[in-house]
Amino acid sequence: MKGKVGVLLAMVVLFGVIASGCIGSQETSETKTTSAELTGDFVKDVLAIGKALESNGVNEVKFSAWGSGDPNSVMRVYGIVEAARRINKVWEENGVNVKITITDTHYVASFQDAYQEYLSKQPLGQAGDFFVNSYAFLPTLADEGYILDITEYANAYKNVIDDFYSSLIEASKFKGKLYGLPQDTEARPLYIRKDVAAKIGFNLEGIEEKVKNGEFTWGDVSYWAKKAKESGVEWGLIHRKGSAHPDLIQFIFAFGGKLYDEDSGKLVVDVPAIYKWLYVEWKFVQDGLLPKDIMSWDWAKQIHPAIVEGRTLFDIGGTWYWTEWQTKEYYGKEGTPRPLKPEEVQAWFAYTLFPAGEKGLKPVTLSQPFIWMINSKAGQQNPKYDELEDLYHKLAFLMVIKASDPDINAIHSVISAHLPVRKEAAKLISDEKWLNDLKNLNLDLDPQVKTNIKDIVATTVHPINAKFLADVSYMLEYTKLAPAHPKYPALADIFKEAVDKVLRGEMTPEEGVNYIIQKVNADPELAQNVEIVGEIPKDWKFP
Amino acid sequence: MKDVETRPKKGEWIIVLTILFASLPLILGFALLIISSFSRDMVTDLSLDSFRPTIENWINVFQGRLAITGGIRQNILKITLNTLVVALGVSGIVTLISTLAGYSLSRMKFRGRKLMMLLLLMLHAFPGVALIVGVYLLYRLTFPQEPSFVRLYSFFYVILARAALEIPMSVWLMKGFFDTIPWEFEWSGIIDGASRIRVWRQIMLPLIKPGILAVALFGFLAGWQDLIYVRTFLIDQTLATFIEANIEAEYSHMPLIAAAGTLYLLPTIMFFLTAQQLLLQGYSGGIKG
């Protein structure tokens, strides 16, 4: 009897051990399906995540994409739609019963407005899962914990990350950690009217090289602008306006100044460089080469028509001007305003870097890259979010990787005249066959994407435009970024006020510099974040 | 002898001209906005050359397009409907609460009545912007965890929050209207056996129609044109946030924005045109005794 009881007890214990083992192994298996390691093999990773989601009963993943900017830059959200389609295709081909649905493609014109909206809705879990916006907002969003740190994920995809231009990857970092992937960037060339140049005997052959070498400086710009004026051309120079567009701060860099001190983390008011900037602008107005009220000119009725109608020799603009002139009715010289043809833009405009301020200094350009950021709550609208957060976040990262595919990036560049952020995309732009396929929309794209970019493609895809992008890509090697500092917009506003007052003749350049210093010191918070360095040069002369 | 007081006709045209002159900037602004919405260029320089007629802007607006070529399409009808829901919601709540509260403050004696009236007046002194941090905190505390309720709740909350800003002044306004009605009207109803709520509904409310309309209109306008509360709390877009988010001076097609702006103005203008007679009674106050 005792023996039977002993056997029975032993069996119960054995059953208990086996059962607990089984239960234990089941737990282990469940733990495994709630996360997936990224290996760098895109298909493998996508399948691992898809299978893990499927095993957890998730068959649909909902994401939303928020973007902003000019109407031609819609690939900022449609890139995500296309990435979802490509991932869905991988799952479908491999029998994984999961599908990504993009529930909302929210796109507005004002990127500042989009940023404000993201700030107010993110804490409530109601902001887009993908948010593409200026790099300037990245530090604040990262600091607040509103966007995902993708440093570790990106380590697995080093091959892709290395294909991005390194300066743009640096712009996507905050305190050494990666918080997004570059989506696009641009350069701000100095446009020169070829017909006006020919009329005044200004030989443009080799001008790009002369600017690159610092041989052609702002003194030369002034010289030729005067010649143009003397020949009856209305203006010598037209430039952009407003503080949101940081074009004019190129003068600071061109005169060897700086705007940000990385060691102290403070903004810099570089007095000598700012004085020279204001002096050049003031002198241009005094000589009648630049309108004194340019800062209040209307974009569509004054600034662009003056440039496209050849009423100025020089223009400080952006790369996107190239296609903007082809899509908007700015040219009214023949009566009813019309857009320019690609051939006209090519025939009428030469383009160079922003020349050095003086001999011995370097030319520059300025970029404001847009970054694809991932909401730190990405995937929140999906089932079992708390349990599967890691899977949703990694899937969101893989979507951004896919949305950065060279062809998607190249399509965006060509139709919006922004510069590609990946070297592979830059190569694609020069591929004539691919351009033809894009022109005919003979590409494997989501039907929704095709429908929505059809009109833009018809007006912008042209070998001349692609050549332009390829030609200006080198400018990224000279690019400077405006400081991604939370107080920079306040400082930029002060710069704008000072420039406006100097141009209108209400202040001398010296008074303009003092005005900037006083305004900075009058705002205690700004004063704490700004270093004022150097003095107004005494013997400096501008031709 | 004249049975009504009349102004001498002499010099009347000077008054009319002065009023017209004073209103000119406003009329001109609206006129240019409407004209620009039918033009390929903005007509902002009073030059006829700028006016190049087209209905393309209106077609684009109704198609929810933000630009002439391509771009993202927004569902403008849905955006208009959202705006209408918020405006009517605010209007309804403000009207209901202020007619009830105005009546009780005008007709009933209860403890704390004067203090409540004073507090209401003080509350009105606070601008909505000053309260937004507290209102946002409350929003976060009461926010539903279930994602499917979020959109609905955001409408509910923005309507309540916006109505709360309008209610203090509206209550005072309605109290003023109830004060002008002689007690005899109410007494006759009560003597006939009607309850206070029936008296309020069947006797008092019909007598203060102009006041109700005024309060409803102000509530509607508050909801229709609100930007800050809508942008902060509402998940969906309204016309105000749609227009604001798409005005980017450099690359927005301004005539298209002018068309959206005109569409935004239409209900307000229609409301005023159809209700102006009643509103004038509201402004002059009083009833026939």
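Just so you know, these numbers come straight off a predicted model, no measurement behind them.

1. Focus on the overall build of chain B
From N to C terminus, chain B includes twelve helices and zero strands. When the helices and strands of chain B are placed in sequence order, the string is α-α-α-α-α-α-α-α-α-α-α-α. Viewed in the frame of its principal axes, chain B has a C-alpha envelope of about 70 × 70 × 30 Å. Sequence separation of 24 or more characterises 74% of the internal contacts of chain B that already satisfy a separation of 6 or more.

2. Examining the overall build of chain A
When its secondary structure is counted, chain A shows 25 helices and 16 strands. Each principal axis of the C-alpha distribution contributes one length, and for chain A these read about 120 × 55 × 35 Å. By the burial criterion, 51% of the 543 residues in chain A qualify as buried. A separation of at least 24 residues holds for 76% of the contacts in chain A among residues at least 6 apart in sequence.

3. Overview of the interface of chain B and chain A
Each partner contributes to the interface: chain B provides 24 residues, whereas chain A provides 26 residues. For the side of chain B that touches chain A, the leading source of residues is helix α11 (residues 239-246) of chain B, giving three residues. The class makeup of the residues in the side of chain B that touches chain A is twelve nonpolar, six polar and six charged.

4. Focus: the environment of N82 of chain B
Residues and elements named next belong to chain B. Along the chain, N82 falls in helix α3 (residues 76-107). Through-space distance from the C-alpha of N82 to that of L234 is 9.6 Å; in sequence the pair is 152 residues apart. Contact partners of N82, with chain neighbours within four places excluded, come to D236, Q237 and T238.

5. Considering the environment of Q63 of chain B
Considering the arrangement of structural elements, one finds Q63 of chain B in the loop between α2 (56-62) and α3. Separated by 61 residues in sequence, Q63 of chain B and H124 of chain B place their C-alpha atoms 40 Å apart.

6. Focus on the UniProt feature "transmembrane region" (unreviewed entry) in chain B
As recorded in UniProt, the sites labelled "transmembrane region" (unreviewed entry) are residues 12-38, 84-103, 115-139, 151-173, 203-224 and 256-275 of chain B. In this annotation, residues 84-103 of chain B is assigned 100% helix and 0% strand; the end-to-end C-alpha distance for the span is 28 Å.

7. A word on the sheet that holds strand β10 (residues 266-270) of chain A
Residues and elements named next belong to chain A. An order of β9-β10-β16 is seen for the three strands of this open sheet, with the pairing classed as mixed. Since the sheet does not close on itself, it has two edges, and those belong to β9 (260-261) and β16 (530-533), each with one partner. Taken together, the four bridges between β10 and β16 define a ladder with parallel strand orientation. For L267, the partnering residue across the bridge sits in β16 and is V530.

8. Some thoughts on the confidence of the model for chain B
The predicted structure's coordinates, where accompanied by low pLDDT, should not be read in detail. All names here are of chain B. Scored by pLDDT, chain B comes out at a mean of 86, with 91% of its residues at no less than 70. Ranking the elements of chain B by mean pLDDT puts helix α12 (residues 254-284) last with 79 and α3 first with 94. Quick note on the complex model: pTM equals 0.80, ipTM equals 0.73.

9. Some thoughts on the nonpolar core
Residues and elements named next belong to chain A. Counting 222 residues, the largest nonpolar core has I80, F130, L278, I374, M399 and V400 as the members making the most contacts within it. Looking at this core element by element, the count peaks at eleven residues for helix α17 (residues 385-403). Residues from two domains meet in this core; each of domain 1 (42-186 + 369-405) and domain 2 (190-367 + 478-533) gives at least three. Excluding anything up to four places from it in sequence, V400 contacts F130, L181, W372 and I374.

10. Concerning the pairing of β10 of chain A
Residues and elements named next belong to chain A. With four of its five residues buried, β10 lies for the most part within the structure. Alignment of β9 against β10, held across two bridges, turns out to be antiparallel. Residue pairing in the sheet places D261 in a bridge with K266 of β10. Between β9 and β10, which follow one another and run antiparallel, lie four residues, and G265 among them has a positive phi close to 70°.

11. Notes on unusual backbone geometry
Residue and element names in this part refer to chain A. We note that K175 has phi near 50°; this positive angle belongs to a residue other than glycine. Note that K175 resides in the loop between β4 (173-174) and β5 (177-178). Owing to 9 C-beta atoms within 10 Å, K175 belongs among the exposed residues under this scheme. The phi torsion at A417 lies on the positive side, around 60°, for a residue other than glycine. Given 27 C-beta atoms within a 10 Å radius, A417 is considered buried.

12. Some points on helix α4 (residues 113-125) of chain B
With 13 residues, α4 of chain B should cover 18 Å at 1.5 Å per step; its first-to-last C-alpha distance of 19 Å lies within 8% of that length. For α4 of chain B, the tally of buried residues reaches only zero of 13 residues, placing the bulk of the element at the surface.

13. Side note on the domain arrangement of chain A
All names here are of chain A. Each domain of chain A was delimited in the assignment, giving domain 1 (42-186 + 369-405) and domain 2 (190-367 + 478-533). Summarising the inter-unit geometry, the C-alpha centres of domain 1 and domain 2 are found 35 Å apart. Of the residues lining the interface, twelve residues belong to domain 1; the matching set on domain 2 comes to ten residues. Elements supplying a minimum of two residues to the side of domain 1 that touches domain 2: α5 (138-144) and α8 (166-171). With three residues, α5 is the single largest residue contributor to the side of domain 1 that touches domain 2. Among the residues forming the side of domain 1 that touches domain 2, the class breakdown is six nonpolar, four polar and two charged.

14. Describing the packing of helix α2 (residues 42-55) of chain A against helix α3 (residues 75-93) of chain A
Packed helices, taken two at a time, are described by the angle between their axes plus the distance between the axes. Residues and elements named next belong to chain A. Orientation of α2 relative to α3, taken along the N-to-C sense of each, is 75°, at an axis distance of 10 Å. In terms of their interaxial angle, α2 and α3 are classed as roughly perpendicular. Here V43, V46, L47 and G50 of α2 lie close against α3, whose contacting residues are I87, V90 and W91. Residue composition of the contact of α2 with α3, grouped by class: six nonpolar, one polar and no charged.

15. Observations regarding the packing of helix α7 (residues 183-191) of chain B against helix α8 (residues 196-207) of chain B
Residue and element names in this part refer to chain B. Put simply, α7 and α8 touch, their axes get as near as 10 Å, and they point 155° apart. Taken together, the axes of α7 and α8 lie roughly antiparallel to each other. In the crossing of α7 with α8, the sense of the turn from one axis to the other is right-handed. In contact with F185, E186, G189 and I190 of α7, α8 contributes V199, I203, M204 and L207. Considering only residue class, the contact of α7 with α8 consists of six nonpolar, one polar and one charged.

16. Here's the deal with the sheet that holds strand β7 (residues 190-193) of chain A
All names here are of chain A. Across the sheet, which stays open at both edges, the four strands sit in the order β8-β11-β7-β12 with mixed pairing between neighbours. Only two strands of the sheet have a single partner each, and these edge strands are β8 (235-239) and β12 (349-352). Taken pair by pair, the neighbouring strands of this sheet meet at an average axis angle of 20°, ignoring direction. The sheet contact formed by β8 and strand β11 (residues 312-316) spans four bridges and is parallel. Counterpart to L237 in the pairing with β11 is F314.

17. What to know about helix α11 (residues 218-230) of chain A
Residues and elements named next belong to chain A. Given a rise of 1.5 Å per residue, 13 residues ought to cover 18 Å, and the 18 Å separating the end C-alpha atoms of α11 matches this to within 8%. Among the residues making up α11, those that are buried are W218, V221, S222, W224, A225 and A228. Of the surrounding secondary structure, the elements contacted by the buried residues of α11 are α9 (194-199), β8, α12 (250-254), α13 (271-286) and β11. Residue G232 follows α11 closely and has a positive phi angle near 105°.

What counts and how
Residues numbered from 1 in each chain as written. Chains lettered and ligands numbered in written order. Predicted model: local features only at pLDDT ≥ 70, side-chain atom pairs only at ≥ 80, totals over all residues. Helix = DSSP H or I, 4+ residues; strand = E, 2+ residues; numbered from the N terminus. Contact = placed C-beta atoms within 7 Å. Buried ≥ 20, exposed ≤ 12 C-beta atoms within 10 Å, placed from the backbone. Nonpolar A, V, L, I, M, F, W, Y, C, P; charged D, E, K, R; others polar. UniProt positions renumbered as here; feature names shortened; annotations may be inferred. Pairing = 2+ DSSP bridges. pLDDT = per-residue confidence, 0-100. Core = buried A, V, L, I, M, F, W, Y, C linked by C-beta atoms within 7 Å. Domains from an automatic or database assignment. Expected span 1.5 Å × (residues − 1). Axes fitted to C-alpha atoms, helices over the stretch in contact; angles between N-to-C directions. Parallel < 35°, antiparallel > 145°, perpendicular 65-115°, else oblique. Left-handed = near helix turned anticlockwise from the far one by under 90°.

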